[in-house]
Amino acid sequence: MQPTHPLKKHLAVSGGVILTLCIIFFILYGTLRDRFMNPGRYAVGALPSAEMQFFFISISIIIVIVLIGYIAYLLLTAKTRAELWVYRETEHLVYSRDQFQRLYDEAPVPYITLGENGEIREPNKATLRFFNAVPEDLIGKNLFTLEPEYEIPRANQLFEYYKRNIPINREEIRIITKKGTIKWVSLSVFTTKNAENSKKRTGIATLFDITEQKQLDQAKTEFVSLASHQLRSPSVTIKWGTTMLLSGDIGELTPKQNDYVHRIHTANEDMIDLVDTLLNVSRIEIGSLAIDRKPTNARELSEGIINELMPQIIQKNIRIDAQYNNYLENINSDPKLLRIIIQNLVSNAVKYTPDGGTVTITFSESERDKHVTVTDTGYGIPKEQQDKIFTKLFRADNVRKLTNSQGTGLGLYLTKSIAESLGGGISFISEENHGTSFTLTL
Amino acid sequence: MTEQKTPKKVLIIDDNESLRTILGDKLIASGFETLGATDGEDGLKQALELHPDIILLDVLMPKMNGWEMLEKLRQDAWGKSANVIMLTSLESTENIAHAMEKGSYQYFLKTDCDLNEVVNQIKTKYS
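Here the residue index of a chain counts from 1 through its sequence in written order. Starting at A for chains and at 1 for ligands, labels are handed out in the order in which the entities are written. For this predicted model, a pLDDT threshold of at least 70 governs which residues receive local features, and a threshold of 80 or more governs which side-chain atom pairs are given and counted, while totals over whole chains, interfaces and linings are taken from all residues. Hydrogens and waters are ignored; side-chain quantities use all the structure's heavy atoms.

*Asks:* Describe the overall build of chain A, with residues and values.
*Replies:* A run of H or I in DSSP counts as a helix once it spans at least four residues, and a run of E counts as a strand once it spans at least two, with each numbered from the N terminus. Within chain A, the secondary structure is distributed over 12 helices and 12 strands. Expressed as a percentage of its 442 residues, the buried residues of chain A come to 37%. Any two residues having at least one pair of non-hydrogen atoms within 4.5 Å are treated as being in contact. Nonlocal contacts in chain A, meaning residues at least 24 apart in sequence, comprise 60% of its contacts between residues at least 6 apart. The Shrake-Rupley method, run with a 1.4 Å probe sphere, supplies the accessible areas, and residue values consider only the shown protein chains as cover. Total accessible area computed for chain A in this model is approximately 26500 Å², and 57% of it derives from carbon and sulfur atoms. In this scheme, a residue with accessible area under 20% of its type's maximum is buried, one over 50% is exposed, and one in between is partly exposed, where area comes from a 1.4 Å probe on protein chains only.

Okay, structure coming up:
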């Protein structure tokens, strides 16, 4: 309902007061005039003198001026101004509410107002389009029961969050439409107090349709996975073939032949590493990275990795300082995944440390966590690029310029993703031209 | 005169001919006798006829895949106790569990294993 403008009210009151005062004035004036014009009707001495008349008229004028001043004052008084402010704000509020309602109704993103028990109260037009439904199909239904059967545990978990007032922020879940189509959505729900009853809650849910994005991601990941598998098979043939040649089982090679086969073998190993990295990246992105926890000896993993890297370590005359301190020799982790992390950190340290530098591997434990720290005396990461270091395909400018450095920009992205999948994390400190220290927390 | 030990017969079932040849040569060099099959159907036929001591079995193959072949093999009186080693590039816990369920005693991942490692393990276990 539109509010009444406060000035109208005050003008009406003021008009009334002025009218009353005018009537009083004219009655008074009439009486005086009557006495003046008909002096015989009144006793001698009852007639007002000229001074008296002047006095009466002056008093009347003063009263009128005071009254007009008072009315003006009333109009400008704090109360009036406050009322004016309330009026203006109420008008803005009504305008904003109308605007919000219009936005809510016409927005391209599905918005749903939810009741305290997750029931749909007010779906906007985009919601109806999304579900291919009319309001009656949805109103009253619990939003958290519109998921396919295999999403029920997840939907129940989200409903539990909603009931406990925990914000639901961009959770990906599948929902069934009226036609039975399953769509992927990014669901966000926030709760507010109910306008009518402050003890009750109202939820506003947004469903962002990510079906197409999911399909694209799936297609991309399947392509990478398939391509990687197809690349792996011939790599295995090359690897086993070169192994046979190098072992001498099918005849001795000349030193030159041996050198060539060795180069093929090494290049093939690099390709297998790259394909494995791509496979792991696609697994992480599709969410199918399997974790197989078992008693793991991180020291053995680290020693194996150092052995593998020994040719480069010797070639670059790098000093390896391993401080295992008997920690992490029996931890519950996935040895294959942990190996990928340590391998990436140590090989990066060796790769990006100039000849004659030092790489230190330290194992440590705190009350709650276990740490693997790999520190080098290498090129370091430029300060302005440090926030991008875990981004996929990122390579720092200073190492990109190194002629002998090869890298995919996937290693640290993979390392961080795997560390997080294992329930841990990774952090670093770095100074350009002084070195970098990465710490894996498990 | 010392008695000549009969070499163990290994049937390699894999559609990748190069891999079959290399693995075969390595096994021969390690004292085994080898047979080869390009798919599950041919492999099953040879296995049931020739009763090899060890069967090295790939999974993804034309005509009949490794799982089907293993299932059919286990239905045979001889085949139910034959030594089968899966040798594949399919690496997932489900695949390994599936292999164990179907009665394969070992599961080698081609991509993870070195050729020498595969042959040494076969030697240690079955020579």
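*Asks:* Lay out the packing of aromatic side chains in plain terms, naming residues and giving numbers.
*Replies:* All names here are of chain A. Working definition: rings of Phe, Tyr and Trp (its six-membered ring) pair if their centres are within 6.5 Å, and the pair is stacked with planes under 30 degrees apart, edge-to-face with planes over 60 apart, and tilted otherwise. By the definition in use, this model includes 9 aromatic pairs over all chains. Centre to centre, the rings of Phe-130 and Phe-131 are 5.0 Å apart; their planes meet at 85°, and the pair counts as edge-to-face. Using a relative accessible area of 2% as the deciding quantity, one classes Phe-131 as buried. Aromatic rings pair up to connect Phe-100, Tyr-104 and Tyr-111 into one cluster. A ring is scored as having a charge over it whenever the NZ atom of a lysine or the CZ atom of an arginine sits within 6 Å of its centre and within 35 degrees of its normal. Directly above the aromatic system of Phe-159 lies the positively charged group of Lys-163, at a separation of 4.6 Å from the ring centroid. Above the face of the Phe-130 ring, Lys-183 is positioned so that its terminal group lies 4.7 Å from the ring centre.

*Asks:* Explain the interface of chain A and chain B residue by residue, including any values.
*Replies:* Note on interface size: it is often stated as the accessible area lost on association of the parts. Chain A puts 16 residues into the contact, and the matching count from chain B is 21 residues. Interface area, chain A with chain B, both sides summed: about 1600 Å², of which 60% is carbon and sulfur. The salt bridge involving Lys26(B) is made with Asp249(A); its shortest N-O contact spans 2.3 Å. No other element matches the 11 residues that helix α7 (residues 211-247) of chain A contributes to the side of chain A that touches chain B. Taken together, the residues that form the side of chain A that touches chain B break down as 5 nonpolar, 6 polar and 5 charged. When two components associate, each loses some accessible surface as probed by a 1.4 Å sphere; the sum of these losses over both components is called the buried area. Salt bridge, as used here: a side-chain nitrogen of Lys or Arg that lies within 4 Å of a carboxyl oxygen of Asp or Glu. All residues other than Ala, Val, Leu, Ile, Met, Phe, Trp, Tyr, Cys, Pro, Asp, Glu, Lys and Arg, Gly among them, are scored as polar; the first ten of these are nonpolar and the last four charged.

*Asks:* If you had to explain the side chain of Asn16(B) to someone new, which residues and values would you point to?
*Replies:* Structurally, the position occupied by Asn16(B) is in the loop between β1 (9-13) and α1 (17-29). Any N or O atom pair separated by 3.5 Å or less is treated as a polar contact, with the protein-specific requirement of one donor-capable and one acceptor-capable atom, and with residues adjacent in sequence counted only for side-chain atom pairs. A distance of 3.2 Å separates a polar side-chain atom of Asn16(B) from the backbone nitrogen of Ser18(B). In this structure, Asn16(B) is in contact with Ser233(A) and Thr237(A), ignoring residues within four places of it in sequence.

*Asks:* Which residues make up the pattern of salt bridges, and what values do they have?
*Replies:* Pairing of side chains with opposite charge becomes possible as their charged atoms draw close. All names here are of chain A. Under the definition given, this model contains 18 salt bridges over all chains. Close ionic contact of Glu-420 with Lys-416 constitutes a salt bridge, the shortest N to O distance being 2.9 Å. You can see Glu-420 and its partner Lys-416 sitting in helix α12 (residues 411-421), 4 residues apart, about one turn around the helix. Connected through shared salt-bridge partners, Arg-299, Glu-303 and Glu-329 make up one network.

*Asks:* Could you give me a rundown of the pairing of strand β11 (residues 425-431) of chain A, with the residues and numbers involved?
*Replies:* In this structure, β11(A) lies alongside strand β12 (residues 435-441) of chain A, joined through 7 bridges in antiparallel fashion. In the sheet register, Ile429(A) faces β12(A), and the bridge partner there is Ser437(A). Here the rule is simple: two strands pair whenever DSSP picks up at least two bridges between them.

*Asks:* Break down the nonpolar core for me, citing the residues and quoting the values.
*Replies:* Only buried residues count toward a nonpolar core, which is a set of Ala, Val, Leu, Ile, Met, Phe, Trp, Tyr and Cys residues joined through side-chain atoms within 4.5 Å. The biggest cluster of nonpolar side chains holds 44 residues, and the ones touching the most others in it are Leu345(A), Val346(A), Ile418(A) and Phe438(A). When sequence neighbours within four positions are dropped, the list of residues in contact with Ile418(A) reads Ile284(A), Leu289(A), Leu337(A), Ile340(A) and Ile341(A).

*Asks:* Residue-level account of unusual backbone geometry, with values.
*Replies:* Positive phi, close to 65°, is recorded for Asn165(A), a residue that is not glycine. Since its relative accessible area comes to 41%, Asn165(A) is described here as partly exposed. We note that His51(B) has phi near 45°; this positive angle belongs to a residue other than glycine. On the secondary structure map, His51(B) appears in the loop between α2 (40-50) and β3 (54-57).

*Asks:* Please provide a residue-by-residue account of the packing of α1(B) against helix α5 (residues 115-126) of chain B, values included.
*Replies:* Residues and elements named next belong to chain B. For helices, the axis comes from a line fit to the C-alpha atoms of the stretch in contact; other axes are also lines fit to C-alpha atoms, and the angle between any two N-to-C directions lies between 0 and 180 degrees. Contact pair α1 / α5: the axes reach a minimum separation of 10 Å and the direction vectors enclose 50°. One finds that α1 runs oblique with respect to α5. By crossing handedness, the relation of α1 to α5 is classed as right-handed. Where α1 approaches α5, its residues Ile-22, Leu-23, Lys-26 and Leu-27 are matched on the opposing element by Leu-115, Asn-116, Val-119 and Ile-122. Relative orientations are named as follows: roughly parallel for angles under 35 degrees, roughly antiparallel for angles over 145 degrees, roughly perpendicular for angles from 65 to 115 degrees, and oblique for any other angle. Should the near helix be turned anticlockwise from the far one by less than a right angle, the crossing is left-handed, and should it be turned clockwise, the crossing is right-handed.

*Asks:* Lay out a nonpolar patch on the surface with the relevant residues and their values.
*Replies:* Residue and element names in this part refer to chain A. Candidate patch residues must exceed 30% relative accessible area and have no salt bridge, after which like charges are joined if within 9 Å and Val, Leu, Ile, Met, Phe, Trp or Tyr side chains if within 5 Å. Together, Leu-19, Ile-23 and Ile-27 line one region of the surface with nonpolar side chains, adding up to about 320 Å² of accessible area. Position of Ile-27 relative to the elements: it lies in helix α1 (residues 6-37). Residue Ile-27 is classed as exposed on the basis of its relative accessible area, which comes to 56%.

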